[in-house]
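Now for the letters of each chain:
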Amino acid sequence: MTLCTVLNDGRFKTGNIFEHSVRDVWETSNLLKYFREKKHILSTECETCFHLADCAGGCKAKPMLLSGAFNKPDYWMCNFFSKAVKSSYSK
């Protein structure tokens, strides 16, 4: 198992479902624990963002591929939610 189809190289392997149950992988993977504990959000501009509850920090593949780090904002999601909120207030 990997985090997603974009992050499918060996660095992002979370476990092997042919050797362990999905539940075991979920409970024992350090990478999945990192995301469950929202460590990818701590000490980033996402931590205090008004939209955090809606986007949960966005896609992590984009910042990982663009900057080499999970703990960067997904600026597409930032832009999307900022525009969505502005348009809902302008009606």
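Throughout, a residue's number is its position along its own chain's written sequence, starting from 1. With the structure being a predicted model, the display of local features is reserved for residues of pLDDT at least 70 and the display and counting of side-chain atom pairs for 80 or more, all residues being used for whole-chain, interface and lining totals. Only hydrogens and water are set aside when side-chain values are computed; all heavy atoms of the structure are taken into account.

## With respect to the environment of L52
Take L52: it is sitting in helix α3 (residues 52–55). Between buried and exposed lies partly exposed: a residue is buried under 20% and exposed over 50% of the maximum accessible area for its type, with that area taken using a 1.4 Å probe on protein chains only. L52 gets classed as partly exposed once you look at its relative accessible area, which sits at 21%. C-alpha of L52 to C-alpha of I41: the two residues are 11 residues apart in sequence and 9.1 Å apart in space. Each helix is a run of DSSP H or I of at least 4 residues and each strand a run of E of at least 2, with the numbering of both proceeding from the N terminus.

## Quick look at the nonpolar core
Among buried residues, those of type Ala, Val, Leu, Ile, Met, Phe, Trp, Tyr and Cys that are joined through side-chain atoms within 4.5 Å constitute a nonpolar core. Judged by nonpolar contacts, L7, F12, L31, F35, A61, M64 and F70 together constitute the single largest core of seven residues. Elements that contribute at least two residues to this core include exactly α2 (30–36) and α4 (61–67). Not counting residues up to four positions away in its chain, the partners in contact with F35 are L3, H40, K60 and F70. In what follows, residue pairs with any heavy atoms lying within 4.5 Å of each other are defined as contacts.

## A few points about unusual backbone geometry
The residue K38 is not glycine, and still its phi comes out positive at about 55 degrees. Looking at the secondary structure, you find K38 in the loop between α2 and α3. Positive phi, normally seen in glycine, also occurs at A56, with a value near 55 degrees. Inspection of the secondary structure assignment puts A56 in the loop between α3 and α4. In this structure A56 comes out as partly exposed when scored by relative accessible area, which is 44%.

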